[in-house]
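Secondary and tertiary structure notes
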Amino acid sequence: MDVLRLKDSFAKIALHGDEVPLFFYSDLFIKHPEVRDLFPISMKAQRDHLVGALGQIVGQVDRVDDLTLFLQGLGRDHRKFGALAEHYDVVGDSLLATLAHFAGDTWTPELASDWRDAYSLVASVMITAAKQDEATRPAFWQGTVVSCERKAFDVSVLRVRPEPRLDFVPGQSVAIESPQRPRLWRYYSIANAPREDGTLEFHVRLIDGGAVSMALTCGQAAGGSLRLGPPVGVLTLDTSSRRDILMVAGSTGLAPLKALTEQVASMPRPPKVHLFCCARTADGLYDLPSLDNMATQHRWLTVVPTVTSDHAFKGETGSVPDVILRSGSWSGHDAYLAGPTEMVRETSARLTSAGTPRDQIHIEDFGWSEP
Amino acid sequence: MTVAWQDEQKRLTPEDLQAVTFPLSRLGRRGYDEDHVRTFLQDVERELVTLLNEKVSLWNEVERLRRRIMGTKSSGDGVLFGREDAHIHAVRILSSAQLTADRYVADAQAYSHRLTEEARTRRDEILSEAQQHADMVLEEASSRAREAALATLNAPPVPPQMEADRSALKAELAYLRTFGEVYRTHLRAYTEGMLRSIAEWERNEAGAIQQASAETGRSAGGAIKRSR
């Protein structure tokens, strides 16, 4: 396989932009109409994902270790979309047809065999990872909505019972698909530690124009069904640490941190936990009653409601990092941050410069591939 | 008989029939009547001309229909669409259908984005107006209460209308309290109404999308059958 020739031909083909994935999917669906069902109605995001993944694969084709990790994740991820081993062949055929179409006169038998070799390598890594995953867990869990409670103007708490039982570590997330938005998966953090009855709670904020969040907040009644993907994520409790804990939750970023707090509550000797619960305005503090309840039960837990842009609020007000840094010294704490990207980044930077070592700051790594 | 079309490469044409000559039979032997032969050949020639004309017009008809099926290209030279071209054509048709679907979804999403954004802004406005109003009412009530208290302190001789003032103030306070309550109820009803209509719209949209996706599925199936 001539790696340079491969990269060069991809760079030229990629100049055709959106035409390339558009041709690919149309070719695939005409040759195999049954595959269309595995994709959402709008294919816009799908085409961008395809080009992104192809770019990443071609870019790393000579760094086998990184590429293998990426592909294994991709292979496991595709199980919940309904991808089967036999789909890889038909996808490969359409991919080659697409490349040949856009390469035009520059398409040679040698180039074709380079691409065929590269693709079968990619497919075999993905298929193997999916097969291994299949031995340990289902492709997705069927979830039944137990309740959907509106907590604030734009936040609902969804309680779901997965079938079979879904094992996870507090702080992890799962992708959710609503039957009202077929084939659109979005990640949500589980807001509780594992329970006897196996139910999971999700804090869903209604995003303006958000396709899935609207289906999950407005369209849910008890008994409704959802599909859940396998648990992912690294925002989990460092149980080997004996340090006290600082938690900073922005909006529904509270979900994973609430799960961690529940986990701390089950420890024989819990560390002190300072939980800053932050929102833009007072009515964004949608879960305060339940947090206050926990704080009265557990003496190790302090909940600090913080509001960033409502100065009439009778509590902490101001920017999140300002409030946190003026409330104490956190260099000896483990910090767990979750919420809007900007808030998390800023808080993490300010904590670091105020002396909290980087490896004591835990944030979610969104490195897993989105569907 | 000397006939050009005996050559294997050539087909029989009406001209061949005209040019054909038959050697005369030897004297004293019986032969065909030359006139009869001529007449017959003329009939054959006419028939052949008709057949050839029919063939040409049928071929043109076939070409015309083929062009119509294949769409735009008006290839007067009679170039045939191969299987390859037909597939590329189908890919293009499906691609443009997909782009149309993508646009519909994007438009719907943009619309829903605008709608919820407006609802959110409107709600914030109503809330802050109500808050301001409530603050004003409270402020006014407390300043009146202060005035009343001061008046009681500063005026040792109790004027007869003081009692009346106090009861007027009480009535005013009761009115303000009721007003505040009514306002809150209205606000609550308005907000709930708005949430209900969002939910209603959400249900409608879900139904429409399901229907649309069912229709998309049907028409996609049809297109595929035709292309094969």
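A brief structural summary. Worth saying up front: this structure is predicted, and the values here are computed from it rather than measured. (Residues numbered from 1 in each chain as written. Chains lettered and ligands numbered in written order. Predicted model: local features only at pLDDT ≥ 70, side-chain atom pairs only at ≥ 80, totals over all residues. Heavy atoms only, no water.)

1. Regarding the overall build of chain B
Note the cut-off: Secondary structure elements follow DSSP: runs of H or I no shorter than four residues count as helices, runs of E no shorter than two count as strands, and numbering proceeds from the N terminus. Summary of the burial criterion: residues with accessible area below 20% of their type's maximum are buried, those above 50% are exposed, and those between are partly exposed, where the area comes from a 1.4 Å probe applied to protein chains only. A contact between two residues is defined here by any heavy atoms of the two lying within 4.5 Å.
Helices and strands together make up the secondary structure of chain B, namely four helices and zero strands. Listed by position from the N terminus, the elements making up chain B come as α-α-α-α. In chain B, which comprises 228 residues, the share counted as buried stands at 18%. In chain B, once contacts between residues fewer than 6 apart in sequence are set aside, the share between residues at least 24 apart is 46%.

2. Comments concerning the overall build of chain A
Inclusion rule: In short, Shrake-Rupley with a 1.4 Å probe defines the accessible areas, and a residue's cover is counted only from the protein chains shown.
The helix and strand inventory of chain A stands at eleven helices and twelve strands. For chain A, long-range pairs separated by at least 24 residues make up 72% of all intrachain contacts whose partners lie at least 6 apart in sequence. As displayed, chain A has an accessible area near 16,800 Å², and 54% of this comes from carbon and sulfur atoms.

3. Some remarks on the environment of Arg5(A)
Residues and elements named next belong to chain A. For Arg-5, the location among the structural elements is in helix H1 (residues 3-14). For Arg-5, a relative accessible area of 32% translates into the label partly exposed. For the pair Arg-5 and Asp-114, spaced 109 residues apart in the sequence, the C-alpha separation amounts to 8.3 Å. The contact partners of Arg-5, leaving out residues within four places of it in the chain, are Glu-110, Leu-111 and Asp-114.

4. Focus: empty space enclosed by the protein
The rolling of a water-molecule-sized probe over the atoms marks out the regions of remaining empty space. Applied cut-off: Within this scheme a cavity is a closed region of a 1 Å grid, computed over the protein atoms alone, that accommodates a 1.4 Å probe without allowing it to escape, whereas a pocket is open but has protein on both sides within 12 Å along at least five of seven lines; lining residues each have an atom within 4 Å of a point. Grid points are joined across faces, edges and corners, and a volume is the space filled by probe spheres set on the points. Polarity classes work like this: nonpolar for Ala, Val, Leu, Ile, Met, Phe, Trp, Tyr, Cys and Pro, charged for Asp, Glu, Lys and Arg, and polar for all others, with Gly in that last group.
With the rule as written, the count across this model stands at five cavities of 30 Å³ or more. As a volume, the largest cavity reaches approximately 60 Å³. Around the largest cavity, the lining residues are Pro21(A), Leu22(A), Tyr25(A), Ser26(A), Phe29(A), Arg36(A), Met43(A), Arg47(A), Leu94(B) and Gln98(B). Of all elements in the fold, only helix H2 (19-31) of chain A together with helix H3 (83-154) of chain B reach the threshold of two or more residues within the lining of the largest cavity. For the lining of the largest cavity, the element with the most residues is H2(A), which contributes five residues. Considered class by class, the residues forming the lining of the largest cavity number six nonpolar, two polar and two charged.

5. Overview of the sheet that holds strand S9 (residues 301-307) of chain A
All names here are of chain A. The criterion, for reference: Should DSSP find at least two bridges between two strands, the strands are regarded as paired. Working convention: axes come from line fits to C-alpha atoms, limited for helices to the stretch in contact. Angles between N-to-C directions cover 0 to 180 degrees.
Read across the sheet, six strands follow the order S10-S9-S8-S7-S11-S12 without closing on themselves; strand pairing throughout is parallel. Every interior strand has two partners, whereas the edge strands, strand S10 (316-317) and strand S12 (361-363), have only one. Sheet topology places S9 next to S10; two bridges connect them, and they run parallel. What sits directly across from Val-307, in S10, is Thr-317. Where helix H8 (residues 254-265) meets the sheet, its contacts fall on strand S7 (245-250), strand S8 (273-279), S9 and strand S11 (334-338), and the angle it forms with S7 comes to roughly 150°.

6. Considering the pairing of S7(A)
Residues and elements named next belong to chain A. Test applied: With the strands pointing away from the viewer, any crossover whose connection runs clockwise from the first strand over the helix to the second is right-handed.
Taking burial as the measure, the six residues of S7 include six buried ones, the bulk of the element. Of the two faces of S7, both are covered, the one formed by Ile-245, Met-247 and Ala-249 as well as the one formed by Leu-246, Val-248 and Gly-250. Bridge analysis of S7 against S8 gives six bridges, and the strand direction is parallel. Across the sheet, the residue bridging to Ala-249 is Cys-277, located in S8. Remark: the S7/H8/S8 crossover connection has right-handed handedness. As paired elements, S7 and S11 share five bridges and run parallel to each other. Paired with Met-247 across the strands is Tyr-336, a residue of S11.

7. Some thoughts on a nonpolar patch on the surface
Heads up, the condition is: Patches draw on residues past 30% relative accessible area with no salt bridge. Two like charges within 9 Å are joined, as are two nonpolar side chains (Val, Leu, Ile, Met, Phe, Trp, Tyr) within 5 Å. Whenever Lys or Arg places a side-chain nitrogen within 4 Å of a carboxyl oxygen from Asp or Glu, that contact is recorded as a salt bridge.
Residues Tyr175(B), Phe179(B) and Tyr183(B) make up a contiguous nonpolar surface patch of roughly 290 Å² in combined accessible area. If you trace the backbone, Tyr175(B) turns up in helix H4 (residues 160-227).

8. Points about the interface of chain B and chain A
Under the convention used in this document: Buried area adds together the accessible area that both of two parts lose upon being put together, with accessible area traced by a 1.4 Å probe. Polar contacts, as counted here, are pairs of nitrogen or oxygen atoms within 3.5 Å of one another; within protein the pair requires one atom able to donate a hydrogen and one able to accept it, and residues that are adjacent in sequence qualify only if both atoms are side-chain atoms.
Every contact between the two is made by 31 residues of chain B and, on the other side, 32 residues of chain A. Summed over both sides, the interface between chain B and chain A buries roughly 2,800 Å², with carbon and sulfur atoms accounting for 62% of that surface. At the boundary of chain B with chain A, the tally comes to four salt bridges. Of the charged contacts, one joins Arg120(B) and Asp208(A) as a salt bridge, the two residues approaching to 2.8 Å between their closest N and O atoms. Where chain B packs against chain A, one counts eleven residue pairs in polar contact (both at pLDDT 80 or more). For the side of chain B that touches chain A, the leading source of residues is H3(B), giving 19 residues.

9. Topic: the sheet that holds strand S4 (residues 185-189) of chain A
Residue and element names in this part refer to chain A. The six strands are arranged S4-S3-S6-S1-S2-S5 in an open sheet whose pairing can be described as antiparallel. Of all the strands in the sheet, just S4 and strand S5 (200-205) have a single pairing partner and so form its edges. Sheet twist, expressed as the mean angle between neighbouring strand axes with direction ignored, is 40°. Sitting on the sheet, H8 is in contact with S4 and S5, with an inclination near 155° to S5.

10. A closer look at the environment of His298(A)
Position of His298(A) relative to the elements: it lies in the loop between helix H9 (288-297) and S9. Considered as a pair, His298(A) and Val273(A) are 25 residues apart in the sequence and their alpha carbons are 9.8 Å apart.

11. Points about the packing of H1(A) against helix H6 (residues 109-136) of chain A
Residue and element names in this part refer to chain A. In plain terms, the rule: Any angle that falls under 35 degrees is termed roughly parallel, while one over 145 is termed roughly antiparallel, one within 65 to 115 roughly perpendicular, and all others oblique.
At a minimum axis distance of 10 Å, the contact between H1 and H6 shows a crossing angle of 95°. As summarised for this structure, H1 and H6 are arranged roughly perpendicular, according to the angle between their axes. Contacts between H1 and H6 pair Arg-5, Leu-6, Ser-9 and Phe-10 from the former with Glu-110, Leu-111, Asp-114, Trp-115 and Ala-118 from the latter. A class-by-class count of the residues in the contact of H1 with H6 yields five nonpolar, one polar and three charged.

12. Let's talk about H9(A)
A turn of α-helix holds 3.6 residues, and therefore any two residues three or four places apart point the same way. Residues and elements named next belong to chain A. Rules: Taking the helix axis as origin, the arc is that swept by the directions to the C-beta atoms.
When H9 is considered as a whole, its buried residues turn out to be Leu-288, Leu-291 and Met-294. Projected onto a plane normal to the axis of H9, the buried residues spread over an arc of 120° and lie on a single side. Looking at H9, the residues exposed on the side facing more than 90 degrees away from the buried face are Pro-289, Thr-296 and Gln-297. Contacts made by the buried residues of H9 are with H8, S8 and S9.

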